[in-house]
Amino acid sequence: MVASRSPFANYFLLVLVSFCLLRFGDRINYETLTLTLPRTNTTAVSDVNDVVDREPARRNYIVRFVEYKDAEDHRAYLQGKIGLDGWEWIERRNPAAKFPTDFGVVAIDDSVRTALIEEFERLELVKDVSADLSYSRSVLAEGDDRVGAFADGKKRPGKIFSSMSYSEGECYATAISNSTISWNRQLLMQRYQVTSFFGARGLWEKGYTGAKVKMAIFDTGIRANHPHFRNIKERTNWTNEDTLNDNLGHGTFVAGVIAGQYDECLGFAPDTEIYAFRVFTDAQVSYTSWFLDAFNYAIATNMDVLNLSIGGPDYLDLPFVEKVWELTANNIIMVSAIGNDGPLYGTLNNPADQSDVIGVGGIDYGDHIASFSSRGMSTWEIPHGYGRVKPDVVAYGREIMGSSISANCKSLSGTSVASPVVAGVVCLLVSVIPEHDRKNILNPASMKQALVEGAAKLPDANMYEQGAGRVHLLESYEILKSYQPRASIFPSILDYMDCPYSWPFCRQPLYAGAMPVIFNATILNGMGVLGYVESPPTWHPSDEEGNLLSIRFTYSEVIWPWTGYLALHMQIKEEAALFSGEIEGNVTVKIYSPPAQGEKNVRRSTCVLQLKLKVVPTPPRSKRVLWDQFHSIKYPPGYIPRDSLDVRNDILDWHGDHLHTNFHIMFNMLRDAGYYVETLGSPLTCFDAHQYGTLLLVDLEDEYFKEEIQKLRDDVINTGLGLAVFAEWYNVDTMVKMRFFDDNTRSWWTPVTGGANIPALNDLLAPFGIAFGDKILNGDFSIDGEHSRYASGTDIVRFPAGGYVHAFPFMDSSESAATQNVLLTSGMAKADSPILGLLELGEGRIAVYGDSNCLDSSHMVTHCYWLLRKILDFTSGNIKDPVLFSTSVRRAAALYQDDNQLPSRRTDVDFSTYSAVVGKELICRSDSRFEVWGTKGYSLHVRGRNRRLPGYPAIDLGRGLNSTVETSYLKQPQWTQNNKGEHSGNNIFGLLYRDEVID
């Protein structure tokens with residue numbers, strides 16, 4: 001069995017595959033010109049009827065293999081095994097062609113696509129087949145008007161990527177006199193050398209200048225013989241354009257920040273060897289296959305550091321993501337920009353959001369987080385887990401001076417500028433270590449340890465804005481001088497008293513009876529690319545009061561490449577329901593790695609995470625609000641459209657829809673108002689309604705289990721739970737109109753649902769006689785002097801008699817209302833549309849509102865926090881605002897629309913692909929109370945101490961599940977065996993995320 005196999009067997013397999021790449025050949029120091037086959041970039045459209053005939057009949061796909069071979073061998077294998085016609089091998093003529101490869105590109109006819117892909121994936125040596133995605137970015141958008149992947153509601157060619165940097169101006173200088181034109185001299189003097197802020201000269205004077213460090217710059221290329229650079233070793237082109245030059249200026253600028261030698265815009269490591277990988281065309285487009293070849297070439301030619309100033313929200317492009325893992329596993333230190341989608345939260349870009357990559361955010365010269373810099377947390381782990389801390393570090397990214405194409409200096413701003421600042425720092429630090437000892441000491445984990453441990457924490461930013469803080473070159477230098485391989489945890493401390501750095505944890509203390517608070521830390525293993533958790537993590541309280549805290553852990557069994565995760569699920573025990581105070585202590589976890597080359601003993605290290613927690617007595621039920629995270633679906637993997645259709649340049653809902661991402665301002669407001677807000681990432685059967693005043697449902701896209709619908713009805717009517725719903729638009733005709741052909745995936749993209757899943761919400765609300773319609777309403781309105789904007793919200797079409805309903809005259813902008821709108825613009829009066837309803841039903845209270853944009857900080861026009869507070873006063877405390885409950889808006893008769901007129905589900909979308917409900921098992925996961933982990937949740941009708949969950953003591957549902965869990969258990973490590981042989985990266989992939997639980 002695999003479980004009994006020695007972990008060293010896996011290690012040696014990994015080492016064998018990873019280091020066999022080093023046999024590919026000696027370093028190449030000549031320029032290589034690449035011309036690959038052209039691809040058709042079909043213009044994105046919003047009107048489907050005009051372009052149906054323009055869909056290409058053949059699409060390109062990446063076929064990944066389980067081992068490296070010459071491309072011709074892979075081609076012969078496929079041709080010998082595939083009996084179907086309708087496909088063609090695409091020859092890739094680029095510098096990587098001389099080395100073995102692990103993938104091929106094939107063109108497949110649409111008419112036989114499904115059958116051929118199935119045939120390919122049945123082959124023993126084929127790992128998988130995926131679309132050849134393309135990457136598109138805007139590198140030089142002027143000012144704050146940055147352009148992303150969408151413009152005016154239409155998809156630009158390429159994969160969805162954020163804007164990278166924007167221009168601040170150019171300072172012209174002569175190449176021989178080092179003088180600037182007089183009218184620009186003052187401007188130049190105001191822009192400081194970024195190297196001086198980090199004390200780079202101190203290392204230069206010690207003789208460290210980046211010598212013999214191989215720096216790969218993945219960008220738009222660089223001009224040959226550029227006078228700002230003394231050490232351009234190689235330029236390679238991976239695009240379908242016949243040039244090696246940089247015609248945009250971004251690649252040249254990045255190289256200048258890293259290694260420029262010109263006095264007016266010095267780089268950090270002027271003696272660094274520059275390897276310019278031109279992976280973007282002049283139109284700023286690239287393909288996954290281009291990146292895969294370029295990454296393979298970087299591995300084969302033994303690059304030391306790689307800068308990638310690109311990023312986007314698609315962390316599910318597995319060929320790309322896994323190749324980054326393989327790249328870092330081969331000891332290449334990757335630095336990448338975290339993104340320019342700030343100040344919004346939940347906007348981290350990939351690959352900078354990967355734990356093995358150094359993700360860089362931007363600050364200004366006043367040490368304030370730059371407004372453009374993307375914020376955390378990572379959203380991979382939602383809904384059942386909690387995001388990791390990113391960025392890792394921040395660096396100056398506003399008005400940074402660098403080289404221009406014309407051999408002058410210019411300034412740019414953006415995280416794609418901050419990224420090469422850190423990459424330059426890394427190159428300088430690499431050169432500090434003697435060349436013969438570098439690979440023994442330096443790796444992606446040890447370099448990240450030096451950066452985060454040496455960083456200076458900024459006083460006015462939280463961990464999801466700044467990571468460890470501003471890079472401190474000299475402190476990191478001191479750490480590396482005496483570095484010994486070890487493992488560590490980042491962040492190394494969680495302090496509830498340290499605000500704002502520990503936001504959101506410092507904003508809401510712990511208390512008994514709450515959902516587990518999850519803190520997700522990263523394990524950095526500088527001892528080796530592969531590591532293991534030797535024994536379960538352990539909680540060591542500093543005093544007796546620390547025993548009031550119960551912690552369960554989920555973590556990586558296998559730490560690869562170089563990193564893993566450690567998540568703490570923290571609950572306060574029932575006996576602390578009245579406790580107020582602080583709990584301190586340490587969590588320790590022991591890590592080991594196999595011996596390094598030439599060593600005999602296993603490397604071991606103990607990681608420590610310090611906890612300083614604040615605990616308060618359990619709040620009253622009326623002050624506790626539960627946020628439903630489970631039923632939220634975000635991009636990726638599906639086309640989840642934006643909530644406000646007025647926003648034309650950001651059409652995807654990708655910010656996480658979490659309390660601590662794009663709803664973080666709302667979270668802070670609720671805390672200021674005295675509410676305690678908890679998160680539920682499991683079905684509605686997994687919480688005890690007796691404990692909460694209101695269940696808050698905002699902008700939800702998923703379906704509901706029938707057990708959830710039944711339980712919620714009982715929770716409201718019989719248990720007195722308040723229910724507050726903020727819906728969104730849903731109109732099938734509009735969704736069809738929004739589909740577009742995407743040259744990324746060579747397929748039509750169709751919205752999976754609307755802004756919210758109204759048919760599913762209507763099923764959930766049906767027991768209460770409430771339903772939403774399919775109008776898309778826009779307009780301004782006011783209630784009691786509070787003005788708000790209704791932005792692409794829906795209408796209420798069913799509501800019981802006796803309820804209170806507010807209606808306003810709005811324009812319906814849905815496709816199905818197009819004819820009506822023509823008449824309205826001709827002078828017909830707009831009809832009032834119901835948008836807000838309030839109802840008392842049984843023991844509970846319900847409030848429904850048709851728009852969530854006023855709570856979502858992503859594209860908010862005006863907020864409606866005032867309305868949310870009034871709603872919660874009603875649903876949780878039965879406090880009725882006299883205006884909201886005016887007799888003039890009380891319904892004498894029920895508002896009713898026939899079933900056949902209610903919004904219907906799409907029949908042309910396989911919703912199970914994106915849903916956590918459809919085709920899935922109802923189960924309470926690790927975000928739930930410990931008592932119900934692994935069960936279906938709380939019975940609909942059980943009361944008192946008469947229900948026993950497997951593996952747990954009897955619990956008192958009537959008392960709110962605050963009982964102490966005494967049972968402790970540890971699952972034995974389980975190893976995943978692949979069905980067919982795979983290269984090292986993918987063997988490890990099956991082992992990365994295995995939950996281990998202790999109490």
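Everything numeric here is computed off the predicted structure, so don't read it as measured data.

## Re the overall build of the protein chain
Thought 1: Looking only at helices and strands, one finds 21 helices and 41 strands in the protein chain.
Thought 2: Across the 999 residues that make up the protein chain, the buried fraction comes to 64%.
Thought 3: Considering only residue pairs separated by 6 or more positions, the protein chain has 79% of its internal contacts joining residues 24 or more positions apart.
Thought 4: By element, 49% of the accessible surface of the protein chain is carried by carbon and sulfur atoms, the whole surface being about 34500 Å².

## Re the environment of Ala200
Thought 1: Structurally, Ala200 can be placed in helix H6 (residues 200-204).
Thought 2: Judged by its relative accessible area of 0%, Ala200 falls in the buried class.
Thought 3: Taking the C-alpha atoms as reference points, Ala200 and Gly424, separated by 224 residues in sequence, lie 9.9 Å from one another.
Thought 4: When residues no more than four places from it in sequence are discounted, the contact partners of Ala200 are Thr195, Phe268, Leu428 and Leu473.

## A few points about the pairing of strand E14 (residues 333-337)
Thought 1: Burial runs high along E14: 5 of the 5 residues are buried.
Thought 2: Across the two faces of E14 the burial is the same, with Ile333, Val335 and Ala337 and Met334 and Ser336 all buried.
Thought 3: With 4 bridges joining them, strand E13 (residues 305-308) and E14 adopt parallel strand pairing. Looking at E14, one finds that Val305 is bridged to Ile333.
Thought 4: Running through helix H9 (residues 318-329), the crossover from E13 to the neighbouring parallel element E14 is right-handed.

## Some words on the packing of helix H12 (residues 444-454) against helix H14 (residues 473-481)
Thought 1: Closest axis-to-axis distance for the H12/H14 pair is 8 Å, and the angle between their directions is 135°. Relative to H14, the element H12 lies oblique. Of the two possible hands of crossing, H12 and H14 adopt the one that is right-handed. Contact residues: Ser446, Met447, Ala450, Leu451, Glu453 and Gly454 in H12; Glu475, Ser476, Ile479 and Leu480 in H14.

## Brief notes about the environment of Phe772
Thought 1: The residue Phe772 is located in strand E34 (residues 771-772) in this model.
Thought 2: Along the chain, Phe772 and Val848 lie 76 residues apart, while their C-alpha atoms are 9.2 Å from each other.

## Some remarks on the packing of aromatic side chains
Thought 1: Here the structure, examined in full by the defined rule, presents 41 aromatic pairs.
Thought 2: Taken together, a centroid distance of 5.2 Å and an interplanar angle of 10° make the contact between Tyr790 and Phe810 stacked. Here the residue Tyr790 occupies a position in strand E36 (residues 786-793), and Phe810 occupies one in the loop between strand E38 (804-809) and strand E39 (811-812), the gap between them amounting to 20 residues.
Thought 3: Accessibility expressed as a relative area gives 0% for Tyr790, which makes it buried.
Thought 4: Through successive ring pairs, a cluster of aromatic residues spans Phe99, Phe218, Trp238, Phe277, Phe280, Phe291, Phe295, Tyr297 and Phe320.
Thought 5: Its end group placed over the ring of Trp380, Arg388 keeps NZ or CZ at 5.7 Å from the ring centre.
Thought 6: We note Arg552 situated over the ring of Trp933; from NZ or CZ to the ring centre the distance is 5.2 Å.

## Here's the deal with the sheet that holds strand E19 (residues 487-490)
Thought 1: Taking strand neighbours across the sheet as the criterion, the 4 strands line up as E19-E21-E25-E23 in an open arrangement whose pairing is antiparallel. If you trace the sheet from one side to the other, it starts and ends with E19 and strand E23 (549-555), each paired once. Sheet twist, expressed as the average angle between the axes of neighbouring strands with direction ignored, equals 30°.
Thought 2: Here E19 runs beside strand E21 (residues 517-525); their pairing, made up of 4 bridges, is antiparallel. From the neighbouring strand, Ile489 faces E21, where its bridge partner is Ile523.
Thought 3: Strands in contact with H12 are E19 and E21; relative to E21, the strand with the most contacts, it is inclined by about 120°.

## Details of helix H10 (residues 415-432)
Thought 1: Counted at 1.5 Å a residue, the expected span for H10 with its 18 residues is 26 Å, and the 26 Å between its end C-alpha atoms agrees.
Thought 2: Counted residue by residue, H10 has 18 buried out of 18 residues, so it is predominantly covered.

## So, the sheet that holds strand E1 (residues 58-69)
Thought 1: One open sheet accounts for 4 strands, arranged E2-E3-E1-E4; its pairing is antiparallel. Where the open sheet ends on each side, the last strands, each with one partner, are strand E2 (87-90) and strand E4 (126-131). In this sheet, neighbouring strand axes are inclined to one another by 30° on average, regardless of whether the strands run parallel or antiparallel.
Thought 2: Pairing geometry for E2 and strand E3 (residues 101-109), over 4 bridges, is antiparallel. From the neighbouring strand, Ile90 faces E3, where its bridge partner is Val105.
Thought 3: On the sheet, helix H8 (residues 288-300) packs against E1 and E3 and is oriented at approximately 165° with respect to E3.
Thought 4: Strand contacts of H9: E1, E3 and E4, with the helix running at about 30° to E1, the strand carrying the most contacts.

## A closer look at the confidence of the model for the protein chain
Thought 1: Chain-level pLDDT for the protein chain is 84 on average; 80% of the residues reach the 70-or-more range.
Thought 2: Contacts from residues 170-191, a stretch scored under 50 in pLDDT, to residues over four places away or in other chains number 38 contacts.
Thought 3: Overall, residues 819-824 carries pLDDT values under 50, and its contacts beyond four positions in sequence, including any with other chains, amount to 8 contacts.

## A short note on the pattern of salt bridges
Thought 1: Taken as a whole and judged by the stated rule, the model has 39 salt bridges.
Thought 2: One salt bridge connects Asp908 with Arg906, and the closest N-O pair in it is separated by 2.8 Å.
Thought 3: The exposed category is assigned to Asp908, whose relative accessible area is 55%.
Thought 4: A cluster of three or more residues bridged by salt bridges with shared partners is formed by Arg64, Lys127, Asp128 and Glu322.

## With respect to the packing of helix H7 (residues 250-259) against H10
For any two helices packed against each other, the geometry comes down to the angle between their axes and how far apart the axes lie.
Thought 1: Their axes nearest at 8 Å, the elements H7 and H10 cross at an angle of 40°. Between H7 and H10, the crossing angle belongs to the class labelled oblique. The chirality of how H7 crosses H10 is right-handed. Judged by residue contacts, His250, Phe253, Val254, Val257 and Ile258 of H7 engage Ser416, Val417, Pro420, Val421, Ala423, Gly424 and Cys427 from H10.
Thought 2: A per-class count over the contact of H7 with H10 returns 9 nonpolar, 3 polar and no charged.

## Section: the UniProt feature "active site" (unreviewed entry) in the protein chain
Thought 1: Under the feature "active site" (unreviewed entry), the UniProt entry names Asp219, His250 and Ser416. In terms of the greatest pairwise C-alpha distance, the residues named above, spread along 198 residues, form a tight cluster of at most 10.3 Å across.
Thought 2: Structurally, the position occupied by His250 is in helix H7.
Thought 3: By relative accessible area, His250 is classed as buried at 1%.
Thought 4: Within the structure, the side chain of His250 is placed 2.9 Å from the side chain of Asp219, a separation counted as a polar contact.

## Remarks on the side chain of Asn525
Thought 1: With respect to the helices and strands, Asn525 occurs in strand E21.
Thought 2: Residue classification places Asn525 among the buried positions, given a relative accessible area of 0%.

## Observations concerning the state of the cysteines
Thought 1: Enumeration over the complete set of coordinates arrives at 4 disulfides.
Thought 2: Here Cys686 engages in a disulfide with Cys924; their sulfurs sit 2.0 Å apart. An S-S torsion of about -95° defines the bridge between Cys686 and Cys924 as left-handed. Taken as a pair, Cys686 in the loop between strand E29 (676-680) and strand E30 (694-698) and Cys924 in the loop between helix H20 (865-877) and helix H21 (984-989) lie far apart in primary sequence, 238 residues in all. For the pair Cys686 and Cys924, one class covers both residues: buried.
Thought 3: The side chain of Cys854 participates in a disulfide bridge whose partner is Cys864; the two sulfur atoms lie 2.0 Å from each other. The disulfide joining Cys854 to Cys864 has a torsion of about 55° about its S-S bond and is therefore right-handed. In this pair, Cys854 sits in the loop between strand E41 (844-849) and H20 while Cys864 sits in the loop between E41 and H20, placing the two residues 10 residues apart along the sequence. Residue Cys854 shares its accessibility class with Cys864, and that shared class is buried.

Rules used in this analysis
- Residues numbered from 1 in each chain as written.
- Predicted model: local features only at pLDDT ≥ 70, side-chain atom pairs only at ≥ 80, totals over all residues.
- Heavy atoms only, no water.
- Helix = DSSP H or I, 4+ residues; strand = E, 2+ residues; numbered from the N terminus.
- Buried < 20%, exposed > 50% of the residue type's maximum accessible area, 1.4 Å probe, protein only.
- Contact = heavy atoms within 4.5 Å.
- Areas by Shrake-Rupley, 256 points an atom, 1.4 Å probe, with all protein chains shown as cover.
- Pairing = 2+ DSSP bridges.
- Right-handed = clockwise from strand over helix to strand, strands pointing away.
- Axes fitted to C-alpha atoms, helices over the stretch in contact; angles between N-to-C directions.
- Parallel < 35°, antiparallel > 145°, perpendicular 65-115°, else oblique.
- Left-handed = near helix turned anticlockwise from the far one by under 90°.
- Phe/Tyr/Trp six-rings, centres within 6.5 Å; stacked < 30°, edge-to-face > 60°.
- Lys NZ or Arg CZ within 6 Å of the ring centre and 35° of its normal.
- Expected span 1.5 Å × (residues − 1).
- pLDDT = per-residue confidence, 0-100.
- Salt bridge = Lys/Arg side-chain N within 4 Å of Asp/Glu carboxyl O.
- Nonpolar A, V, L, I, M, F, W, Y, C, P; charged D, E, K, R; others polar.
- UniProt positions renumbered as here; feature names shortened; annotations may be inferred.
- Polar contact = N/O pair within 3.5 Å; in protein donor to acceptor, adjacent residues only side chain to side chain.
- Disulfide = S-S within 2.5 Å.

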